[in-house]
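Coordinates in review
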Amino acid sequence: MNRISNFQIYCLLVTSTLPLAYLITPMLVIHAARNGAWLAVLTSIIPGFLLVYVYMYIIKKSPRPFPALLEDCLGKVAGKIIGFFYILVFLFTTAFTLRYFVALIGSSIVTDTPLSVYIGAMLLTGYYALKTGLENIARMAEIVVLLGLPLSVLLVFISLAQAPHVGSLIPILGTDYAGFGQAFLYSFLITGDMIAILALAHFTNDRRKVSRPVFMVLYTYIAIITITTMTTLLNFEVDYASLIAFPTFKLVRSITVSDFIQNIDVVFVCVWIIGIFAAITVKWYLACYTTQQVFALRDYRFLAAPTSVVIGIGALMVGRNITEIQVLVHELIPYVYGISYILIPFLVFIVLLFKPAPAADTKLDSPAA
């Protein structure tokens, strides 16, 4: 079985969680909570802690990786059915992540290029990454995090030097309890992307310390999204910021340094392209690996080709324009994340609370990565 380090697990989870959240979450929370959006993101660390604890408890009590552990907890029939449901979920989230990427590129950067060109290019590179195996995907994630994460943070901090409106951060102005709760929920649900740890933990070379990288991913997510949301409010104020489809991209595009350094959004686009590529690859890997587990296949690599067709067609069908995509973000994605990444793992956690602990010498039994 292939093995990966805990730092590589951190990188894989960061690439699975942050690239899409970096664009979507500030827009969602500002629209819902207005001035209090940054505080809603910050306080979502509390349920995030509880979710990580649930994931860690499931890993501790389950000798088999996700989704095979569903059969151990819920029975073979129910486990197979829910496992098949997760195949669809991972395929959908992969297609949606890809579609959101091409929506930004197609509407704000290169408007004349057909969407199929971007989709084909991302799927081709992702296909090659999947064929090389999990260890190479993990190495790729390391490079993406080590290069992309510092640059993303730097761009946000540079934007703080523009013309900040400090009053935009005062939560008592224009924030109601319902809107704050909705923003809080939006921010928390995105942490469900860390569900990948239920499979990845069974490939680590140091399983006893696997909780550390997961908590570090939570800290990274909360810190970056909070700062990005605050910076967006400081630069655009709440009324304008709540109307922008891609507030993070707009934030970076507005950066000027002494009227000399301008149009550095090309740096952001390059960073985000590699980040989205990594996010798509990790989610795609989960779809293929889940399929392997559910149908007891010997390998997952041969699934990369047929699933690429499903993802490509799905990306073209998920929203015909940016308006439909934004409707999906507000209305559908919260339910998909809430049911798949929060509710079902919590039910598994409840079941495992009443099951006897596995033997101390239980070994991990999972197909090759």
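Residues numbered from 1 in each chain as written. Predicted model: local features only at pLDDT ≥ 70, side-chain atom pairs only at ≥ 80, totals over all residues. Heavy atoms only, no water.

Points about the overall build of the protein
What the protein contains, in helices and strands, is 15 helices and zero strands. Scored against the burial criterion, the 369 residues of the protein give a buried share of 56%. Relative to all contacts within the protein whose residues are 6 or more apart in sequence, the contacts with residues 24 or more apart total 86%. As displayed, the protein has an accessible area near 15400 Å², and 69% of this comes from carbon and sulfur atoms. (Helix = DSSP H or I, 4+ residues; strand = E, 2+ residues; numbered from the N terminus. Buried < 20%, exposed > 50% of the residue type's maximum accessible area, 1.4 Å probe, protein only. Contact = heavy atoms within 4.5 Å. Areas by Shrake-Rupley, 256 points an atom, 1.4 Å probe, with all protein chains shown as cover.)

As for the packing of aromatic side chains
Counted according to the given criterion, the structure contains 19 aromatic pairs. When the ring of Phe49 is compared with that of Phe215, the centres are 5.6 Å apart and the planes differ by 40 degrees; the resulting orientation is tilted. Residue Phe49 is located in helix α3 (residues 45-61), and its partner Phe215 is located in helix α10 (residues 211-241); the two are separated by 166 residues in the primary sequence. The rings of Phe66, Phe85, Tyr86, Phe90, Tyr337 and Tyr341 are connected pair by pair, giving a single aromatic cluster. (Phe/Tyr/Trp six-rings, centres within 6.5 Å; stacked < 30°, edge-to-face > 60°.)

Topic: the pattern of salt bridges
On inspection of all chains with the given rule, the structure shows four salt bridges. Taking the shortest distance from any N to any O, the salt bridge between Asp193 and Lys283 comes out at 2.9 Å. One end of the pair, Asp193, is in the loop between α8 (177-190) and α9 (197-200); the other, Lys283, is in helix α12 (residues 265-294), and 90 residues separate them in sequence. Note on Asp193: relative accessible area 4%, which makes it buried. For Lys283, a relative accessible area of 2% corresponds to the buried category. (Salt bridge = Lys/Arg side-chain N within 4 Å of Asp/Glu carboxyl O.)

Regarding α8
If you check α8, its first and last C-alpha atoms are 20 Å apart, about what 14 residues at 1.5 Å a residue would give, namely 20 Å. For α8, the complete set of buried residues consists of Gly179, Ala183, Tyr186, Ser187, Phe188, Leu189 and Ile190. Packing partners of the buried residues in α8 comprise α1 (6-33), α2 (37-43), α3, α10, α14 (322-331) and α15 (333-353). (Expected span 1.5 Å × (residues − 1).)

Quick word on the environment of Thr248
Inspection of the secondary structure puts Thr248 in helix α11 (residues 247-253). For Thr248, a relative accessible area of 0% corresponds to the buried category. Through-space distance from the C-alpha of Thr248 to that of Thr232 is 7.0 Å; in sequence the pair is 16 residues apart. Non-local contacts of Thr248, meaning those with residues more than four positions away in its chain, are made with Tyr22, Leu23, Pro26, Thr228 and Phe268.

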